[in-house]
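Overview (structure and organization)
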Amino acid sequence: RLEGWGGMGMERRAEAFASAFGWYRCWEESAVLDVEVVQNDKKDKDAMAGGSSHSGSGQTLSLSFKAGASAGGAMSRSSDFMMKGMGGHKRGGSIIGSSSGKGQHSQWAELLTPEILFENAPTRKEDELKLKALPETVHPVRRAEAAFALLGRLDEFRSYYEQNRFGDMKISSAAEKKKSNDGDGGAGDKNETRSSLSSLTGDDVSLGTDRIYFAKSLSHLCASVVGFSAVEAALELGNFADDDEEEGGTLATGSQNEGGIGGQKGQGSSAAGQGGKTSPSTSFRESSAKYERALIAELGSLLRGRAVGATLAELTRSSCLMTSFRSALKIIHPSSTTRRSDKELLAMDVDIIMTGLKVAQEEQLKSTSKIVGEDRMEPMRIARSGSDFRSGGKKEGGNKNVPAEELINFPFGLSELKQKPVDQSVDNLDNMGRSRGSLNYIQSLAAAETEYYTFSQSVPNVVRSIHARAIAFAAFAMSQEELGQVFAFKKGGGIAGYVLDCVEECVAVASVGMKDGFEHLDELTVEQAVQITANISALQRTLPRLFGTLMRGLCHVGMVRADQLDETFQYADSTLKGADKSCDQEVGSMYSLVYEICRNKIDMLMNFSLDNFQWVSKTTRNMPNAYCESLIEYMRNTFRCLGPMDEGSKAGLHFSCCGHIAERIVKLLSDKAIRGNDVEGSMHGMGMHGEEELPPINKIDAFGLKNLSLDVVEFVAFSESTSIPQLSECFNELKCLVNAMLDRDLPVLLLPENEAVRRRKYPFLTLEKILHILEKYVGLGLGEKLMGGSGRGTTDILMLEKKEVTQLIKVVRMQIEH
């Protein structure tokens, strides 16, 4: 695949780097990287898109500088190809990158490589010819120097040359600009600073935002400095050629010394004319080296200041540009004394890697929030046709060290996260009463054949953004190492540990962003909350294979040292555990939120249905109460939405909802009744979660208990129909209480000598709860007793008279007190 990108170059380098980290094994070539931060500043957009201006100066992007006046225009003309040392090309009379060729390069090449470094220059051959002709283009300078020496005015030439060649200019600081805008222009002189770069390029380098600086100005400044160094090297090279032609001249001392501007041509004549005075060539070289050092030092200082407000993509490209910049200087002017200091002058802040980590974390959170905001929170449908995605697996008998192929666009195990199919077989549909051939029957049958993933469309996009951001950060860190940046020792083996930290932090903020993408979590529906939980869980499931892919990439590109291999893999395991723990916390938080939503809805239904409910019914029913049917219908619809959740969470939510309903009914039935004036004040008491809580039942009779037993039977039947093992046990205590109160043997079982028998028959029964129920029990009068009750089917249930209730209360209270 890489051979298709042509010869060696920066674009192929970027593609090889991304391929080493498994990008094309996991995603389509056209997949969006989602690493670049979209800026909302219209001024910045216009400035970066224009391509004809930089730093807000309004000048064209040419590399001419003030030295052209003293070099007879040679420097201005020769500057056309100075960027060749950095991969640039000429277009329309000015040196630019490949901005005009936007879209001609791959996404990774545009992300990791500055435009100025692309090598598809249409004028490459022309630039090479100009490069070879550079020594001849500086002869006007030599001729002028010789002419001034013959006139005995070499010092005047030197002064004139240095003023025009090695000058600087005043620029205004940000503070001064602010004061000037406020109308206090007189105080601005104290804040003015001098800039060699501004003198070289003719632009105020302090103008423009960080976005404009990294998009346009930095490449322009680097190319200008390279152009200056190339001219200096050409002047020195021409000087050496002239030394060889001199008759009786001294040895070319310039070949032994550090290179610089000025030369030996005319040295003999000038020395003779000035009575053996020291040649000014040494002074020229010193001035040149001093000025070059000032240019590079100012460029490094400017880069360090701008890096604070840079994006990760800008940090990556600027680091790559600085690496090429240093290489170009070494190639173009290796003899300059400034080469010894390039590393220190251009080095970014020692904390730059931590700045990159922070920027990556912030950008990942913004990216995740944007992706989640565009998600409809619906499970993705599984495409049956394999034409859209390439899939594969480990072939039998293959190399065990070769990882299995990933499903394109669903890598790292996402393709395995499928919902368990719903039981919608033909027989089941027939049993549900749907006639064959009806529209509902056909729709249900089609739905039964449709498979879905557990996650929504945002999860692959979030995973892809994490993968891409990790690759970009690795490129940034690698460029920093190439620049000679020395980072503090980190457990895990050098720079690879910081890349793993970046992945861990990005996963942590992504799991938070997937939840916080909604402004008001309390307004979520159960379906949305369940889908968010499933999405975070799906992200968690991808982590082992994601970390494995990135570790292979770190090894491929040489970021893992051989002597630190074990430490690096141990650190990768620890960061994987940290990322997994972060997802675990968010999954637990979302699970609690799902349960809270369900619990609040259940409480609302119960409060609405059971407020002022008459538990003294005087008759029995042959069907459950209305509140029971509404609760079961709500749970049925809610549990149907739990498909995206894993089996453990799904079962846990079943138990939580059923247990909450059983607990509420048990409290209503068995809590101590509130009598007299306390009833009105307690009707709207607050529960433990802040909801209004119903007061306990004040009165209930045998018929109310019988009707309640029908509700319990219905709850148990529903719980058994869910196929969740042991779910019906949630209602065991409620069932035990109701059955005991309807047992005709209850008076005998409550006697002290029958305690063992009572516990065996009703293990969940407690005397305190029986006492509270008896205290609110409405006994039958003598007439009702003689009539045998007013309801049907009352002969098999316990019906107590008032005096029998009073007697049982005394028996139970005596056992509790003793």
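Residues numbered from 1 in each chain as written. Predicted model: local features only at pLDDT ≥ 70, side-chain atom pairs only at ≥ 80, totals over all residues. Heavy atoms only, no water.

What the rule picks out here adds up to 20 salt bridges. Close ionic contact of Arg317 with Glu36 constitutes a salt bridge, the shortest N to O distance being 2.6 Å. Taken together, the residues Arg317 in helix α15 (residues 312-332) and Glu36 in the loop between α2 (23-26) and α3 (42-50) connect sequence positions 281 residues apart. The class of Glu36 is partly exposed, set by a relative accessible area of 40%. Glu775 serves as the salt-bridge partner of Lys672, at 3.5 Å between the closest nitrogen and oxygen. With Lys672 in the loop between α25 (647-670) and α26 (678-682) and Glu775 in helix α31 (residues 767-775), this residue pair connects regions lying 103 residues apart in the sequence. Residues joined by salt bridges that share partners form a network here, namely Glu406, Glu416 and Arg545. (Salt bridge = Lys/Arg side-chain N within 4 Å of Asp/Glu carboxyl O. Helix = DSSP H or I, 4+ residues; strand = E, 2+ residues; numbered from the N terminus. Buried < 20%, exposed > 50% of the residue type's maximum accessible area, 1.4 Å probe, protein only.)

A few words now on the environment of Trp615. Counting through the fold element by element, Trp615 comes out in the loop between α23 (565-610) and α24 (626-640). Look at Trp615 and you get buried, because its relative accessible area is 9%. Other than its neighbours up to four places away in sequence, Trp615 contacts Leu610, Tyr627, Ile697, Lys699, Ile700, Asp701, Gly704 and Leu708. (Contact = heavy atoms within 4.5 Å.)

This paragraph deals with α25. Taking 1.5 Å per residue as the helical rise, α25 with its 24 residues ought to reach 34 Å, and the 34 Å between its terminal C-alpha atoms agrees with that figure. N-cap assignment for α25: the residue whose side-chain oxygen lies 3.2 Å from the backbone N of Gly648 is Asp646. (Expected span 1.5 Å × (residues − 1). Polar contact = N/O pair within 3.5 Å; in protein donor to acceptor, adjacent residues only side chain to side chain.)

Attention now moves to the confidence of the model for the chain. When pLDDT is averaged across the chain, the result is 74; 66% of the residues are at 70 or more. Counted against residues more than four places away or in other chains, residues 47-101, with its pLDDT under 50, gives 145 contacts. Low pLDDT, under 50, characterises residues 423-433; the stretch is placed with 15 contacts to residues that sit more than four places away or in other chains. (pLDDT = per-residue confidence, 0-100.)

Now for the packing of helix α17 (residues 352-373) against helix α21 (residues 495-516). Contact geometry for α17 and α21: axes closest at 8 Å, N-to-C directions at 30°. Put simply, α17 runs roughly parallel to α21. Two packed elements cross with a definite hand, and for α17 against α21 that hand is right-handed. Within the contact between the two elements, α17 uses Ile353, Met354, Leu357, Ala360, Gln361, Gln364, Leu365, Thr368, Ser369 and Val372 and α21 uses Ile495, Tyr498, Asp501, Cys502, Glu505, Cys506, Val509, Ala510, Gly513 and Met514. For the contact of α17 with α21, the class distribution of residues is 13 nonpolar, 5 polar and 2 charged. (Axes fitted to C-alpha atoms, helices over the stretch in contact; angles between N-to-C directions. Parallel < 35°, antiparallel > 145°, perpendicular 65-115°, else oblique. Left-handed = near helix turned anticlockwise from the far one by under 90°. Nonpolar A, V, L, I, M, F, W, Y, C, P; charged D, E, K, R; others polar.)

To continue, consider the packing of α21 against helix α22 (residues 526-556). The description of two helices packed together rests on the angle between their axes and the distance between the axes. Relative to each other, α21 and α22 sit at 165°, their axes nearing to 11 Å. As the angle between them shows, α21 and α22 are arranged roughly antiparallel. Considering the relative orientation of α21 and α22, their crossing is right-handed. Mapping the contact onto sequence places Ala496, Val499, Leu500, Val503, Glu504, Val507, Ala510, Ser511, Met514 and Lys515 in α21 and Ile532, Asn535, Ile536, Leu539, Leu543, Phe547, Leu550, Met551 and Leu554 in α22. Of the residues in the contact of α21 with α22, the class split is 15 nonpolar, 2 polar and 2 charged.

What characterises a pair of aromatic rings is the spacing of the ring centres plus the angle enclosed by the ring planes. Overall, the coordinates contain 15 aromatic pairs when judged by the stated rule. Ring geometry for Phe715 versus Phe731: centroids 5.2 Å apart, planes at 5°, classification stacked. A residue pair is termed long-range when its members are at least 10 positions apart, and Phe715 in helix α27 (residues 702-721) and Phe731 in the loop between α27 and α28 (732-742) qualify at 16 residues. Assessed through its relative accessible area of 0%, Phe715 is described here as buried. For Phe731, a relative accessible area of 0% gives the class buried. Sitting over the face of the ring of Tyr595, Arg599 holds its NZ or CZ atom 5.8 Å from the ring centroid. (Phe/Tyr/Trp six-rings, centres within 6.5 Å; stacked < 30°, edge-to-face > 60°. Lys NZ or Arg CZ within 6 Å of the ring centre and 35° of its normal.)

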